[in-house]
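Take a look at the letters that make up each chain.
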Amino acid sequence: MHWLEKKVVAYLAKNNQAHIEDIAAGTGESIDQVRRAVEWLREKHLVSINVSVKRMIYLDDKGKKAAEFGLPERRIYSLAKHVTGLEDLRNLSGMSEFEFNAALGRAKKLGWIEIKGKGEVLVNSDAKELPEERLLNLLSKAPLAEEEIPKDLTEAYAGLLKRPGYIETKESKEVLVTLLKKPDISEFEQKEYTVITPELIKQGYELHLAPLDVVSPVPVLFPGRLHPVTNFINEVREILISMGFIEITGPIVQPSFWTFDALFTPQDHPAREMQDSLYLAGLKSKLLNNDLIQRISQTHENGWKTGSKGWRYKWSLDEAEKCVLRTHTTAISARYLAENPEKESRVFCIGKVFRNENLDATHLFEFTQIEAVISEKDATARKLLGYMQTFYSSLGFDQVRFRPTYFPYTEPSFEPSIYSKELNQWLEVGGSGVFRPEVTRPLGISNNVLAWGFGLERIALLRLKEDDLRKLYSNNLSWLRGKIECL
Amino acid sequence: MPVISVMLDRLERLTGRPKEDVIEALPWIGVHIESIDKEYARLEYDPNRPDFSTDYGIARALKGRFEKELGIQRRNIDKSDWKIIVEEKVKPIRPFVIGLLAHDLLLDDETIRQLISMQEDLHQGIGRKRKKLAIGLHDIANIRPPVKYGTVGPDFKFTPLGYKHPMSIDEILKITEVGRLYGPLLSKKDVFPILMDSHNTVLSFPPIVNGTATQVTYRTKDLLVDMTGTDMQAMEDALAIVAEALWDAGGKIFSITVKDGEREMKTPNLATSTARISPEDVEKLIGLKLDSETIVKSLRRARLDAKEDKEGIEVRIPRYRVDILHTVDVVEEVAYGYGSENLTPDFGFKYSKGSELEVNKKVEAIKRVAVGLGLQEVLTYSLSSKQTLYDRVLRDPVNAIKVESPKSSLYEYLKDCLSPDLLRILSENIHEQYPQKIFEISSVFSRDDYSEIGVKESLSLAVAISSDIATFTEIRSLLDTILLRTLGIRAEYYEGHVPFLADGRSAKCKVGSKEIGYVGEIKPRVLLNFGLRMPVAVFEIDLSSLI
């Protein structure tokens, strides 16, 4: 026998017959639980049930008001004791015209009030409690079944039914449960416990614990977690630190000077157009280092002392002072190098970069760039390939290849690709190269400077087995909650 | 990056090597294969190599790699008595013109297609959308020299290429697509540049459109190429590239004299330039120890001329190699000629101690505690829309930082706080199970007239919780806990107005005398603005001032 059934039978053993609600109250179980148990017991022929339908009477809105403050005729009668004129009575009653007239009519008919001449109100001293009022009082304590109404109030009940809004009736089912077979009471005397409480533990002996339903579902929980992109950034960061790189950071909003000019990108380069890059409206930066500006503007115009021909155009300070949302973190690397020109260093920067793109499955207007920079006397292009090979294989991509490519600020330049076993294809992952003398010399650097950078999201998609970049930043909770952490 | 489509059969014919070899070799000369079908390949080339804008240019580089041809091709320019006379009036509008003649060409459809695609790529790339230069190709059969480079008024009429009837300059600018696209390059509204012959046959209305009278067809044997523009350097670069392609197409190149007042100039100018490198330069930059002989051979494979002398290696660079600005570019050509595929990674790194940013360590610690409190991290963009950042949260955009001409209104404003986008995220997740608890740590931006850039960036931490019992008490206890357990700080709270928080159920907070943020329940009106059906409580604090 289920513990619920036992509880119900034990209750019935004492009372023989009881309604479902009473059993629930007596056993401390919910009505639904008791219904389930009674159904099981009925199937075992241990109880019978008898369903009866009753018409229950409840107070309606007006009825509730009348139970508290009296029927409208009573309210007018009470008020009339204190006023003399009909008009005063009408105004002070707070009733609608219709309600007032009906109440006044009833009070007159009952002989409680008389109206004389030009609206003088006379009040009878004695106004006994009406049967309707007694009934309303009874109902205000608890709803009654129709057959429970006292005989002397049946007329009043019929009267109130005719007055809309005073009482309402609803059908109610009552289930009466009768115990058919008296069980051996001793089986039920042993108390069962559903919850282990601190008090019970103190008793220190084996308790009779009610078995639980261990099969049915329990509430679903969602742990707090990091965003998958954060996890991936952390992984990349650890690899670079293990390769001896120091993390650096810097502002997202940059003068064009550091994003483009310092990187030998000519001022009419298509990447600098508003169609490609995001500039801040109405803002202009103040460039302070005049010597540096001179060196860089001359490098653009005629190569300065770098040995270059330069781009051979008229460089404009105005253009360099525009505020741009950095298009690459190379702006940060260049500033770091300018501040530490002689130092041999390995640094990296992880940060957001921006492009004026429409958002789609393969383009973001804002994404995360990782860039690593090596400034060393004996750094070479082949060493750059060595660093990249080490990095990408640490990330789990053992097959890496390099193809020559072009960037305005590196020479030679390489485009690394990694092989994805899942997609069975080579994927280009960013760019790399040796900074041109047109970049390093004006910053006062004589070391060779190697750099490689890539967009993190594309590789993150591979990792997460997704194919739409937008998904990464949709912050869809079922996606974030559904991720398997250990994959 | 620019893209050209080439016929694989033609590349086979031009290089004398089978398709497979060509396809295999392309990436190693810096050309990326975008797609290939039976006949054509779409190739992406780097913008510093405008000479790759025809299959002739690509074949030239491949032939070096295949050692079919080495070094610079010896070419001759013959003199012609053709002249282009520059009139004074045109100079303020579009000052320069140069040109050349190419005789005895055999133009099939594919050759014409290649020449036109080269013209377009040069217009877009070094021509900067025809601003710096525009090229015209003309059949000389109908041209009677000398050619005048002069001006006409808006009512002047001729039949533009592709049209049947004469149109006025004004009509061309208003009606034709090229007119609308490139018309704005012409600064004056009443005088326009024109190239016409001695009988007033129009060759071209630069930089807009050619005349139909000199149209090039498969019957054309002899070409005149004109180049007008504002940047002589870029024009000479482009004309050298055109000359090289026409030579490879089988033409004989003749010069044209440009007469500008008393000054006469023979064009095209195809003078080579020289540079010097040494084996040490190669070793220092590339990390390859090569002898002079190998370097010379590699350079010749890259289609430069080179010879060893006592002081090192002298290199001659043909005029069309406009990408070579510095000796590092020449050294890179050594790597190309030697074969980039032969560059092996060098793993000889020295030991160096890496480290993480201090600020990141702290941010990560705070994230760990937030996660421990059951909060899910979200990541949003630094840019947001006016609707989310201001309108829906009842904030005034008076100090907003706006970006110029964004392609989408989704990212018009740089965020000065994170909370509005957290509300947006909750609004996009109303069908997900509650309670929902999210947090973000990211940069926010505010105006700062005293900084170099006019903008101050700082790190902000925002938390939003939503459930049927998300209350002030719960959100404040999260804030108290995070501050106390990550930074050992207790904040003080005081009444203060935040537009999107319910008055009386929100507070500002400070540490010492410094205001650090706010905490409270979101106003029902704001919840409705976001279509949220559950109560939400948030806090946001400035982390930069605390860590």
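Every value quoted in this text rests on a predicted model; they were computed, and no experiment measured them.

### Concerning the overall build of chain B
Looking only at helices and strands, one finds 15 helices and 29 strands in chain B. With respect to the principal axes defined by its C-alpha atoms, chain B has extents near 90 × 65 × 50 Å. Burial status across chain B gives 56% buried among its 547 residues. For chain B, the share of sequence-separated contacts (at least 6 apart) that also reach a separation of at least 24 residues comes to 69%. By element, 50% of the accessible surface of chain B is carried by carbon and sulfur atoms, the whole surface being about 23700 Å². Charge centroids of chain B, computed over 76 positive and 84 negative side chains, lie 2 Å from each other.

### Remarks on the overall build of chain A
A tally of helices and strands in chain A yields 21 helices and 17 strands. The C-alpha radius of gyration of chain A comes to 44 Å, more than 25% above the 23 Å expected for a compact globule of 487 residues. The buried share of chain A, taken over its 487 residues, is 49%. In chain A, the share of contacts with a sequence separation of at least 24, taken over all contacts with a separation of at least 6, comes to 68%.

### Some words on the confidence of the model for chain A
Residue-level pLDDT values for chain A average 90, and 97% of them are 70 or greater. Across chain A, the secondary-structure element scoring lowest on mean pLDDT is helix α10 (residues 186–189) of chain A, at 54, and the one scoring highest is strand β7 (residues 246–247) of chain A, at 98.

### Structural notes on the nonpolar core
Membership of the largest hydrophobic core comes to 117 residues, with the highest contact counts inside it found for A:Leu280, A:Leu325, A:Phe391, A:Tyr392, A:Trp452, B:Ile277 and B:Leu299. Top contributing element to this core by residue count: helix α17 (residues 381–394) of chain A, with seven residues. Residues contacting B:Ile277, with those up to four places away along its chain left out, are B:Val282, B:Ile295, B:Leu299, B:Gly312, B:Ile313, B:Val315, B:Thr327, B:Val330, B:Val331 and B:Val334. Ranked by size, the runner-up nonpolar core spans 32 residues in total, among them B:Ile98, B:Ala240, B:Tyr320 and B:Val322.

### A look at the sheet that holds strand β2 (residues 31–36) of chain B
All names here are of chain B. If you trace the three strands from one edge of the open sheet to the other, you get β1-β3-β2, paired in antiparallel fashion. Both outer strands of the open sheet, β1 (3–7) and β2, are each paired with one neighbouring strand and no more. With strand direction ignored, the average angle separating the axes of adjacent strands in the sheet is 30°. Note: β1 against strand β3 (residues 40–45), five bridges, orientation antiparallel. Looking at β3, one finds that Val 3 is bridged to Glu 44. On top of the sheet, helix α1 (residues 8–15) reaches β1, β2 and β3; it is set at about 75° to β1, its chief contact.

### Regarding the layout of surface pockets
Rolled over the atoms, a probe sized like a water molecule indicates the empty space that remains. Computed from the structure, the second largest pocket encloses a volume of approximately 900 Å³. Together, 36 residues line the second largest pocket, and A:Thr249, A:Ile350, B:Asn360, B:Ser443 and B:Leu459 are the ones closest to its centre. When contributions to the lining of the second largest pocket are tallied by element, the ones reaching two or more residues are α12 (228–242) and β11 (345–354) of chain A together with α11 (358–372), β24 (436–447) and β25 (455–466) of chain B. Here the lining of the second largest pocket is composed, by residue class, of 14 nonpolar, 13 polar and nine charged.

### What about the domain arrangement of chain B?
Annotation of chain B at the domain level lists domain 1 (3–65), domain 2 (77–267), domain 3 (273–340) and domain 4 (358–542). A C-alpha centroid distance of 60 Å is found between domain 2 of chain B and domain 4 of chain B.

### Observations concerning empty space enclosed by the protein
Taken as a whole and assessed by the stated rule, the structure comprises six cavities of 30 Å³ or more. Taken as a whole, the largest cavity holds about 180 Å³ of empty space. Considering the residues around the largest cavity, the lining is formed by 17 residues, among which B:Ile29, B:Ala61, B:Arg301, B:Ala302 and B:Tyr336 are closest to the centre. Put simply, the parts of the chain that give the lining of the largest cavity at least two residues each are α3 (55–65) and α10 (327–338) of chain B. Top contributing element to the lining of the largest cavity by residue count: α3(B), with four residues. In the lining of the largest cavity, the residues fall into seven nonpolar, two polar and eight charged. In this structure, the second largest cavity spans a volume of roughly 80 Å³. Lining the second largest cavity are 13 residues, and of these A:Thr405, B:Asn48, B:Arg49, B:Glu332 and B:Tyr336 sit closest to its centre. Listed by contribution, the elements that provide at least two residues to the lining of the second largest cavity are β13 (400–407) of chain A together with α10 of chain B. Element by element, the count of residues in the lining of the second largest cavity is highest for α10(B), at three residues. Classifying every residue of the lining of the second largest cavity gives three nonpolar, three polar and seven charged.

### Things to note about the domain arrangement of chain A
Once the domains are mapped, chain A shows domain 1 (3–53 + 173–203), domain 2 (61–168) and domain 3 (230–482). Computed from C-alpha coordinates alone, the two centres of domain 2 of chain A and domain 3 of chain A are separated by 88 Å.

### Re the packing of helix α8 (residues 279–286) of chain B against α10(B)
All names here are of chain B. It is the contact of α8 with α10, at a shortest axis distance of 10 Å, that shows an interaxial angle of 80°. In terms of axis orientation, α8 runs roughly perpendicular to α10. Of α10, the residues touching α8 (which contributes Asp 281, Val 282, Leu 285 and Ile 286) are Val 328, Val 331, Val 334 and Ala 335. In terms of residue class, the contact of α8 with α10 is made up of seven nonpolar, no polar and one charged.

### Details of the side chain of B:Thr380
Checked against the element boundaries, B:Thr380 lands in the loop between β20 (376–377) and β21 (383–384). With relative accessibility at 2%, the residue B:Thr380 sits in the buried group. Ignoring any residue separated from it by four or fewer positions in sequence, one finds B:Thr380 in contact with A:Lys352, A:Glu366, A:Asn475, B:Lys415, B:Asp421, B:Arg424, B:Ile425 and B:Glu440.

### Notes on the interface of chain A and chain B
It is common to give the size of an interface as the accessible area lost on bringing the parts into contact. Of the residues lining the interface, 99 residues belong to chain A; the matching set on chain B comes to 84 residues. When the two sides are added together, the surface that chain A and chain B hide from each other amounts to roughly 7900 Å², 53% of it contributed by carbon and sulfur. The tally of links between chain A and chain B comes to nine salt bridges. For A:Asp268, the salt bridge goes to B:Arg128, with nearest N and O atoms at 3.1 Å. Where chain A touches chain B, the interface holds 49 residue pairs in polar contact (both at pLDDT 80 or more). A total of eight residues in the side of chain A that touches chain B trace back to one element, the largest contributor, which is α17(A).

### Remarks on the pattern of salt bridges
Summed over all chains, the structure comprises 82 salt bridges over all chains. A salt bridge links A:Arg436 to A:Glu438, with the shortest nitrogen-to-oxygen separation between them at 3.1 Å. Classification of A:Arg436 by relative accessible area gives buried; the value is 2%. With its nearest N and O atoms 4.0 Å apart, the salt bridge here joins B:Asp9 to B:Lys19. Of this pair, B:Asp9 sits in helix α1 while B:Lys19 sits in helix α2 (residues 19–25), and the two are 10 residues apart along the sequence. Residue classification places B:Asp9 among the partly exposed positions, given a relative accessible area of 40%. Taken together, the salt bridges that share partners define one network made up of A:Arg237, A:Glu247, B:Glu356 and B:Glu364.

### Things to note about a nonpolar patch on the surface
A grouping of A:Ile196, A:Ile201 and A:Leu209 is seen on the molecular surface, where their side chains present a nonpolar patch of about 290 Å² in accessible area. Of note, A:Ile196 is situated in the loop between α10 and α11 (198–203).

### Some thoughts on the sheet that holds strand β1 (residues 17–19) of chain A
All names here are of chain A. The strand order across the open sheet formed by four strands is β1-β6-β2-β5, and the pairing between neighbours is antiparallel. Each having just a single partner strand, β1 and β5 (144–145) make up the two edges of the open sheet. Relative to strand β6 (residues 167–179), strand β2 (residues 47–59) runs antiparallel, the two being bridged by 13 bridges. For Val 51, the partnering residue across the bridge sits in β6 and is Val 175. Most of the contacts of helix α8 (residues 131–141) go to β2, to which it runs at about 130°, and overall it touches β2, β5 and β6.

### Things to note about the environment of A:Ser393
Residue and element names in this part refer to chain A. Along the chain, the position of Ser 393 falls in helix α17. Owing to a relative accessible area of 29%, Ser 393 belongs among the partly exposed residues under this scheme. When the C-alpha atoms of Ser 393 and Thr 230 are compared, they prove to be 20 Å apart, with 163 residues separating the residues in sequence.

### Regarding the pairing of strand β11 (residues 192–196) of chain B
All names here are of chain B. Of all five residues that make up β11, five are buried, and the element is covered over most of its length. On β11, burial covers both faces: Phe 192, Ile 194 and Met 196 on one face and Pro 193 and Leu 195 on the other are all buried. Of the pairings in the sheet, the one linking strand β8 (residues 147–152) to β11 comprises five bridges and is antiparallel in character. Across the sheet, the residue bridging to Lys 148 is Met 196, located in β11. Of the pairings in the sheet, the one linking β11 to strand β12 (residues 202–205) comprises two bridges and is antiparallel in character. Paired with Met 196 across the two strands is Val 202, which belongs to β12. The loop that links β11 with its antiparallel partner β12 comprises five residues; one of these, Asn 200, has a positive phi angle of about 65°.

Basis of the calculations
- Residues numbered from 1 in each chain as written.
- Chains lettered and ligands numbered in written order.
- Predicted model: local features only at pLDDT ≥ 70, side-chain atom pairs only at ≥ 80, totals over all residues.
- Heavy atoms only, no water.
- Helix = DSSP H or I, 4+ residues; strand = E, 2+ residues; numbered from the N terminus.
- Buried < 20%, exposed > 50% of the residue type's maximum accessible area, 1.4 Å probe, protein only.
- Contact = heavy atoms within 4.5 Å.
- Areas by Shrake-Rupley, 256 points an atom, 1.4 Å probe, with all protein chains shown as cover.
- Lys, Arg positive; Asp, Glu negative; His and termini not counted.
- Charge placed at Lys NZ, Arg CZ, Asp CG, Glu CD.
- Rg over C-alpha atoms; globule rule 2.2 N^0.38 Å.
- pLDDT = per-residue confidence, 0-100.
- Core = buried A, V, L, I, M, F, W, Y, C linked by side-chain atoms within 4.5 Å.
- Pairing = 2+ DSSP bridges.
- Axes fitted to C-alpha atoms, helices over the stretch in contact; angles between N-to-C directions.
- 1 Å grid on protein atoms, 1.4 Å probe; cavity = no way out; pocket = protein on both sides within 12 Å on 5 of 7 lines; lining within 4 Å.
- Points joined across faces, edges and corners; volume = space filled by probe spheres on them.
- Nonpolar A, V, L, I, M, F, W, Y, C, P; charged D, E, K, R; others polar.
- Domains from an automatic or database assignment.
- Parallel < 35°, antiparallel > 145°, perpendicular 65-115°, else oblique.
- Buried area = accessible area lost by both parts, 1.4 Å probe.
- Salt bridge = Lys/Arg side-chain N within 4 Å of Asp/Glu carboxyl O.
- Polar contact = N/O pair within 3.5 Å; in protein donor to acceptor, adjacent residues only side chain to side chain.
- Patch = residues over 30% accessible without salt bridge, like charges linked within 9 Å, V, L, I, M, F, W, Y side chains within 5 Å.

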